Amino acid sequence: MRIAIAGGRGFLGTPLSQVLAADGHTVTVLTRRDASAAPASPPGRISSARWQPDGPIDALASVLDGVDVVINLAGESIAARHWSAAHKSRIRDSRVPTTRSLVAGMKMAASRPAVLINASAVGYYGWRGDEILDETARAGTDFLATVCQEWEQAAMDAADVARVVLIRTGLVLARDGGALVEMVRPFRMWVGGPLGSGHQYMSWIHRVDWVDLVRWTIRTPAATGPINATAPNPVTNAEFSGELAHALRRPSWLPAPAFALRLALGELADALLLSGQRVVPARATALGFRFAYPDLEPALAALFQRH
Ligand SMILES: NC(=O)c1ccc[n+]([C@@H]2O[C@H](COP(=O)([O-])OP(=O)(O)OC[C@H]3O[C@@H](n4cnc5c(N)ncnc54)[C@H](OP(=O)(O)O)[C@@H]3O)[C@@H](O)[C@H]2O)c1
């Protein structure tokens, strides 16, 4: 198959494109950067095409012409100390209008892609305590929840011409990037512990499972609409801290008080660290997807095992 991945050079897109290329697909990564400086890949299977998310649609349509599957991972990182109004605009504008452009490009392509797999996030559900959330749960009302809803609606505009999958991703665990790198730091310095009350739920997924889940949605016609990309067993922040400490052979003893996190990170502290969601992958499980890492302890052990 021919697969185009917008934002495919990032933390999730890089391993995904490599796995898809190794499966024998031809992958085109859409990037705003110099397309010639692409990372090494299986010869001939991954190429890059420069794009402007707010550029002319006909140029995008010709890149997408003859592509079978479009995967949209593009978006400004939400991790920034203190969200300014400008950063919040970039978080939204790099997702919602970008997705609209991709959908318009898909519709204008002479030979249209049949599948759109669009990133979304468990932030869709907002802050929900210990309520168990499957894909039928209502959306939240905070900033990230609102962005996710607009983002998903923009993707669903392709539903009249393509199968649309909305990947509501949780906290993706890998050793070489993402939030885990920051979470590990205090533990390595012997000052790790739960954040705030520690009661907030964390819906996590090992990156190997995330890549495999996206790959599975490509070959599973019944996979449509929202799919939670989270392990079947979310944990509280206190449990996560305990398991992380165990994997790193460090203690989990020093709680980071909520007021200190708010002082350091502002709104981001509440949005990402002090609140949470208890999300379960009901759709993927019902459709037969098997997680390699359903439980946190083996997932962290695999990431931090001594070589
Ligand atoms: N990682 C997680 O734990 C997680 C959790 C939930 C949801 N997600 C979502 O999954 C998607 C991929 O995540 P990731 O961790 O791989 O992110 P990432 O490493 O930051 O990669 C995202 C890509 O988006 C492109 N991008 C950045 N700013 C942009 C902008 N202003 N306009 C258009 N494109 C822009 C970049 O590609 P170029 O510079 O090459 O153009 C970048 O490589 C994101 O939308 C993210 O919100 C991730």
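Note that the structure is predicted; figures quoted are calculated from it, not measured. (Residues numbered from 1 in each chain as written. Predicted model: local features only at pLDDT ≥ 70, side-chain atom pairs only at ≥ 80, totals over all residues. Heavy atoms only, no water.)

Chemist: Any chance you could explain the overall build of the protein chain here in plain terms?
Modeler: Looking only at helices and strands, one finds 12 helices and 13 strands in the protein chain. Against the compact-globule benchmark of 19 Å for 307 residues, the protein chain has a radius of gyration of 19 Å, which places it among compact chains. C-alpha atoms of the protein chain, sized along the principal axes, occupy 60 × 45 × 40 Å. Counting the 307 residues in the protein chain, one finds 51% classified as buried. (Helix = DSSP H or I, 4+ residues; strand = E, 2+ residues; numbered from the N terminus. Rg over C-alpha atoms; globule rule 2.2 N^0.38 Å. Buried < 20%, exposed > 50% of the residue type's maximum accessible area, 1.4 Å probe, protein only.)

Chemist: Before we go on, may I ask you to explain the pairing of strand S2 (residues 26-31) in this structure?
Modeler: Regular strands place side chains that alternate from one sheet face to the opposite one. Of all six residues making up S2, five are buried, and the element is well covered by its neighbours. Note on the crossover from strand S1 (residues 2-6) through helix H1 (residues 13-22) to S2: the handedness is right-handed. Bridge count between S2 and strand S3 (residues 46-50): five bridges; the pairing is parallel. By the bridge assignment for S3, Thr28 is matched with Ser47. (Right-handed = clockwise from strand over helix to strand, strands pointing away. Pairing = 2+ DSSP bridges.)

Chemist: Whenever I open this one, the sheet that holds S1 confuses me. Can you help?
Modeler: Whenever strands of a sheet pair, they do so through backbone hydrogen bonds, lying parallel or antiparallel. Pairing is parallel across the open sheet formed by seven strands, whose spatial order is S3-S2-S1-S4-S5-S7-S11. Strand pairing shows two members of the sheet lacking a second neighbour, S3 and strand S11 (225-229), which therefore form its edges. The sheet shows a mean angle of 20° between the axes of neighbouring strands, direction not considered. With five bridges connecting them, strand S7 (residues 163-169) and S11 associate as parallel partners. By the bridge assignment, Thr169 is partnered in S11 with Ala229. Contacting S1, S2, S3 and strand S4 (69-72), helix H2 (residues 57-64) runs over the sheet at an angle of about 160° to S2. The sheet strands contacting helix H5 (residues 143-156) are S4, strand S5 (115-121) and S7, and the helix crosses S5 at an angle near 175°. (Axes fitted to C-alpha atoms, helices over the stretch in contact; angles between N-to-C directions. Contact = heavy atoms within 4.5 Å.)

Chemist: Where do I start with the site of the ligand in this structure?
Modeler: Taken together, 21 residues are adjacent to the ligand, and Phe11, Leu12, Thr31, Arg32 and Arg95 come closest. One nitrogen or oxygen atom from the side chain of Arg33 is found 3.0 Å from an oxygen atom belonging to the ligand. Within the backbone of Val172, a nitrogen or oxygen atom sits 3.1 Å from an oxygen atom of the ligand. Contact with the protein chains covers 82% of the free accessible surface of the ligand, which is 880 Å². Counting residues per element, the shell around the ligand draws most heavily on S5, which supplies three residues. For the shell around the ligand, a count of residues per class yields nine nonpolar, eight polar and four charged. (Near = heavy atom within 4 Å. Polar contact = N/O pair within 3.5 Å; in protein donor to acceptor, adjacent residues only side chain to side chain. Areas by Shrake-Rupley, 256 points an atom, 1.4 Å probe, with all protein chains shown as cover. Nonpolar A, V, L, I, M, F, W, Y, C, P; charged D, E, K, R; others polar.)

Chemist: I'm lost on H2 in this one. Help?
Modeler: One turn of the α-helix equals 3.6 residues, which is why residues spaced by three or four share an orientation. Among the residues of H2, those classed as buried are Leu60, Ala61 and Leu64. In a view along the axis of H2, the buried residues occupy a sector of 105°, so they form one face of it. The exposed set on the far side of H2, more than 90 degrees from its buried face, consists of Asp58 and Ser62. A positive phi of about 85° marks Gly66, the residue just after H2. (Arc of directions from axis to C-beta.)

Chemist: Explain the nonpolar core to me, please; I cannot follow it from the model alone.
Modeler: One recurring pattern in soluble globular proteins: nonpolar side chains tend to sit buried together. Counting residues in hydrophobic clusters, the biggest one holds 42 residues, and the most contacted among them are Ile5, Leu16, Leu20, Ile71, Leu73, Ile117 and Trp210. For Leu16, the residues in contact, after removing those within four places along its chain, are Ile5, Ile71, Leu73, Trp210, Val211 and Val214. Of all hydrophobic cores here, the second largest spans 20 residues; its members include Ala245, Leu248, Leu300 and Phe304. (Core = buried A, V, L, I, M, F, W, Y, C linked by side-chain atoms within 4.5 Å.)

Chemist: How do you make sense of a nonpolar patch on the surface when you look at a structure like this?
Modeler: A contiguous nonpolar patch, built from Met189, Val191, Trp253 and Leu254 and spanning about 400 Å² of accessible area, is present on the exposed surface. Structurally, the position occupied by Val191 is in the loop between helix H6 (179-188) and strand S9 (201-202). (Patch = residues over 30% accessible without salt bridge, like charges linked within 9 Å, V, L, I, M, F, W, Y side chains within 5 Å. Salt bridge = Lys/Arg side-chain N within 4 Å of Asp/Glu carboxyl O.)

Chemist: What's the story with the packing of H6 against helix H12 (residues 296-304) in this structure? I'm lost.
Modeler: Each pair of packed helices can be summarised by the angle the axes make with each other and by the distance between the axes. Axis separation between H6 and H12 bottoms out at 14 Å; the angle between their running directions is 80°. Classified by the angle their axes make, H6 and H12 are roughly perpendicular. Where H6 approaches H12, its residues Leu180, Val184 and Arg188 are matched on the opposing element by Leu300, Leu303 and Phe304. Taken together, the residues of the contact of H6 with H12 sort by class into five nonpolar, no polar and one charged. (Parallel < 35°, antiparallel > 145°, perpendicular 65-115°, else oblique.)

Chemist: Help me understand the packing of aromatic side chains in this model?
Modeler: Each aromatic ring pair is described using two quantities: the centre-to-centre distance and the angle formed by the ring planes. Here the structure, examined in full by the defined rule, presents four aromatic pairs. Relative to Phe143, the ring of Trp83 lies with its centre 5.5 Å away and its plane at 70°, an arrangement referred to as edge-to-face. With Trp83 in the loop between S4 and helix H3 (85-93) and Phe143 in helix H5, the pair connects residues that are 60 residues apart, well separated along the chain. Feature note: the residues Trp216, Phe289 and Phe291 constitute an aromatic cluster, connected by ring pairs. (Phe/Tyr/Trp six-rings, centres within 6.5 Å; stacked < 30°, edge-to-face > 60°.)

Chemist: Can you walk me through the side chain of Thr99 in this structure?
Modeler: Looking at where Thr99 falls in the secondary structure, it is placed in helix H4 (residues 96-108). By relative accessible area, which is 1% here, Thr99 ends up buried. A polar contact of 2.6 Å, which involves the side chain of Thr99, links it to the backbone oxygen of Arg95. At 3.4 Å, the side chain of Thr99 and the side chain of Trp151 are in polar contact. Beyond its immediate sequence surroundings of up to four residues, Thr99 is in contact with Asn72, Asn118, Trp151, Ala154 and Ala155.

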